[in-house]
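Summary of the model geometry
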Amino acid sequence: EGVTVAELAEILEVSANDIIKRLFLLGTPLTMTQTMSNDLVELVADDLGRQVRIVTAEEENSFSFYDAPEDLKSRPPVVTVMGHVDHGKTSLLDAIRHTNVWSGEAGGITQHIGASEVQINGRQITFVDTPGHEAFTAMRARGAKITDVVVLVVAADDGVMPQTIEAINHSKAAGVPIIVAVNKCDKPEANPDKVRQMLTEYGIIPEEWGGQNMFVNVSAKKGQGIDDLLETILLQADVLELKANPDTFASGNIIEAKLDRGRGPVATLLVTRGTLHVGDTIVAGQSYGSVRAMLDQHGNHKDEARPSDAVEILGLNSVPAAGDEFRVFEDARDARDLAEQRALKARIEEQNKVKHVTLETLFDEMSQNELKELNLVVKADAQGTIEALADSIGKMDQSEVRINIIHSAVGAISETDVTLAMASNAIIIGFGVRPQPKARDAAERENVQIKTYSIIYKAIEDIDAARIGMLKPTE
Ligand code: GDP
């Protein structure tokens, strides 16, 4: 929050001493590393004959723009397919696109742009191919909410597997409804009912059994049940009443981006609000530029992209990051200013990395930032240990802070666990397991706390102490 004297000097390209002197004369002596109020920043800049515009968190966070209810129009659902490896995610997406090619799309050859739009019963569904729940949560960690519905693929001959459970927990943490596609139903050994039964243990219960989740039996290989699945997605979308204002400046998120040798920076973006036109000036993360061309997944040129449309665009000055927000600017100079300001801020932030919650700081966070929940990711060497811990936590006094185990599994602490913890401001607890080297690096980089224990009561003791602010830092 706020800018320090040194940072302002860098932004205005004047010496810090000059600013300190002016501050002194204004009656507010400050040192290099002290933060200035917005008023003070404006005053000093004014004093220097310069104009600064302070970009508020609101403006930075361009999605808090208000739309009047009457401006909101229904928009297509945006779907992500997740599931255990080899259960048929790729085959299912291919089958979905294939069905669609037959229904008369021009060209027929699909380019990989990271997303695709399909049509069913005259309505659109947009599929975002995030490669797995890691990418899904990594995007969420960056503040991007780009999925309305998750299609969870579970192979009927294999059932619920570790990544199935991870996908469920990642979807739940994001608050996104899950439709289950029970795949490989063509196989003689397929047992779709067993999949339904197994999933109830994870709170995924079929509607026909009184639960909240829609299930569809499919065979990606044979192309069976695909239309049924698409229609089910539309049903779910109707329940969600997805809406956006199409008649305003476009904003949304980058889905993927790369540097193309011939075409320069190429980005696929998802419009979540407004309508994007060729020629619009946009800022995406630290990149900016005017949209030179817009293409769909068949390589066809488009003039505009509306809410829930995914298009590939050319014209940015650099390659943005997946998950970055983008938004249209009326004034090209404002766009450049903001992109450059962000690049500068990113450099500064890199130096003073955000700290996530730790057990040692939990109590302070509770009182200062009104943190009311402690999220835990639990990894252990045995299922029994997880259950014992969950049981003990359940018995704790949770009147001050609610303790949620957002994900638990048997196995080493992985990079995915760290990403999930980062996105959900969670602490990772390991029992008789250690972080994988990549996970340790990621945790260090992202300031996610990993605590390892060999005895349950010790962990309970720590959590309990943290809850009332009695835990002393050990390192
Ligand atoms: P992913 O790792 O989840 O993307 O899985 P893939 O789509 O690559 O599929 C893994 C394997 O399962 C491949 O050999 C597919 O041919 C096979 N497969 C996918 N869907 C089906 C299906 O509906 N029926 C059968 N019999 N095999 C399938």
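Cut-off values and rules
- Residues numbered from 1 in each chain as written.
- Predicted model: local features only at pLDDT ≥ 70, side-chain atom pairs only at ≥ 80, totals over all residues.
- Heavy atoms only, no water.
- Helix = DSSP H or I, 4+ residues; strand = E, 2+ residues; numbered from the N terminus.
- Buried < 20%, exposed > 50% of the residue type's maximum accessible area, 1.4 Å probe, protein only.
- Axes fitted to C-alpha atoms, helices over the stretch in contact; angles between N-to-C directions.
- Left-handed = near helix turned anticlockwise from the far one by under 90°.
- Contact = heavy atoms within 4.5 Å.
- Nonpolar A, V, L, I, M, F, W, Y, C, P; charged D, E, K, R; others polar.
- Pairing = 2+ DSSP bridges.
- Near = heavy atom within 4 Å.
- Polar contact = N/O pair within 3.5 Å; in protein donor to acceptor, adjacent residues only side chain to side chain.
- Areas by Shrake-Rupley, 256 points an atom, 1.4 Å probe, with all protein chains shown as cover.
- pLDDT = per-residue confidence, 0-100.
- Parallel < 35°, antiparallel > 145°, perpendicular 65-115°, else oblique.
- Core = buried A, V, L, I, M, F, W, Y, C linked by side-chain atoms within 4.5 Å.

**Considerations on unusual backbone geometry**
Glycine aside, residues mostly have negative phi angles, and peptide bonds mostly take the trans form. The backbone of Glu241 shows a phi angle near 50°, a positive value even though the residue is not glycine. On the secondary structure map, Glu241 appears in the loop between helix H9 (226–240) and strand S10 (243–244). At Ser308, a residue that is not glycine, the phi angle is positive and equals roughly 80°. Mapped onto the elements of the fold, Ser308 is located in the loop between strand S16 (304–305) and strand S17 (310–316). We classify Ser308 as buried; its relative accessible area is 1%.

**Details of the packing of helix H12 (residues 383–394) against helix H15 (residues 456–467)**
Following both chains from N to C, one finds H12 and H15 inclined at 35°, their axes separated by 10 Å at the closest point. For the pair H12 and H15, the sense of crossing is right-handed. Each of Thr385, Ala388, Leu389, Ser392 and Ile393 in H12 lies in contact with H15, whose residues at this interface are Ile456, Ala459, Ile460 and Ile463. The class makeup of the residues in the contact of H12 with H15 is 7 nonpolar, 2 polar and no charged.

**Description of the sheet that holds strand S20 (residues 402–410)**
What the 4 strands build is an open sheet, ordered S20-S19-S21-S22; its pairing is parallel. Two strands bound the open sheet, and with one partner strand each, they are S20 and strand S22 (450–453). Across the sheet, the axes of successive neighbouring strands diverge by a mean angle of 25°, strand direction being ignored. Docked against the sheet, H15 engages strand S19 (373–380), S20, strand S21 (426–431) and S22, running at close to 140° with respect to S22.

**Side note on the site of the ligand**
The ligand sits among 15 residues. The nearest are Asp86, Lys89, Thr90, Ser91 and Asp186. In this structure, an oxygen atom belonging to the ligand sits 3.4 Å away from a main-chain N or O atom of His87. Contact distances for the ligand include 3.0 Å between an oxygen atom and a backbone N or O atom of Gly88. When the ligand is considered free in solution it has 580 Å² of accessible area, and contact with the protein chains removes 74% of it. Examining the composition of the shell around the ligand, we find that 3 residues originate from one element, helix H5 (residues 89–102), more than from any other. Each residue belonging to the shell around the ligand can be placed in one class, and the counts come to 2 nonpolar, 7 polar and 6 charged.

**Side note on the sheet that holds strand S14 (residues 281–284)**
The antiparallel closed barrel is built from 6 strands, whose spatial order is S11-S12-S17-S15-S14-S18. Pairwise comparison of adjacent strand axes, ignoring direction, gives a mean angle of 45° for this sheet. Pairing geometry for strand S12 (residues 264–273) and S17, over 5 bridges, is antiparallel. Residue pairing in the sheet places Ala267 in a bridge with Ile313 of S17.

**Points about helix H13 (residues 415–423)**
Burial runs high along H13: 8 of the 9 residues are buried. When we look at burial in H13, the residues that qualify are Thr416, Asp417, Val418, Thr419, Leu420, Ala421, Met422 and Ala423. Where H13 ends, the next residue or the one after it, Asn425, has phi of about 50°, a positive value.

**Observations concerning the confidence of the model for the protein chain**
Confidence along the protein chain averages 86 in pLDDT terms, with 89% of residues attaining 70 or more. When the criterion is pLDDT under 50, residues 101–107 qualifies, and its contacts beyond four places in sequence or with other chains add up to 5 contacts. Interface scoring of the predicted complex returns ipTM 0.99; its pTM is 0.68.

**What about the packing of helix H1 (residues 5–12) against helix H2 (residues 16–25)?**
In contact at an axis separation of 8 Å, H1 and H2 are set at 120° when each is read in the N-to-C sense. Viewed along their axes, H1 and H2 adopt a mutual orientation that is oblique. Our pair here, H1 against H2, has a crossing hand that is right-handed. Facing Val5, Leu8 and Ala9 of H1, the residues of H2 in contact are Ala16, Ile19, Ile20 and Leu23. Grouping the amino acids of the contact of H1 with H2 by side-chain chemistry returns 7 nonpolar, no polar and no charged.

**As for the nonpolar core**
Core analysis: the biggest nonpolar cluster contains 23 residues, and Leu92, Ile125, Phe127, Val151, Leu229, Leu230 and Ile233 have the highest contact counts within it. Contributing elements (two or more residues each) for this core: strand S4 (78–83), H5, strand S5 (115–120), strand S6 (123–128), strand S7 (149–155), strand S8 (178–183) and H9. The greatest single-element share of this core, amounting to 5 residues, is contributed by H9. Grouped together as the second largest cluster of nonpolar side chains are 21 residues, Val378, Leu389, Met396 and Ile427 included.

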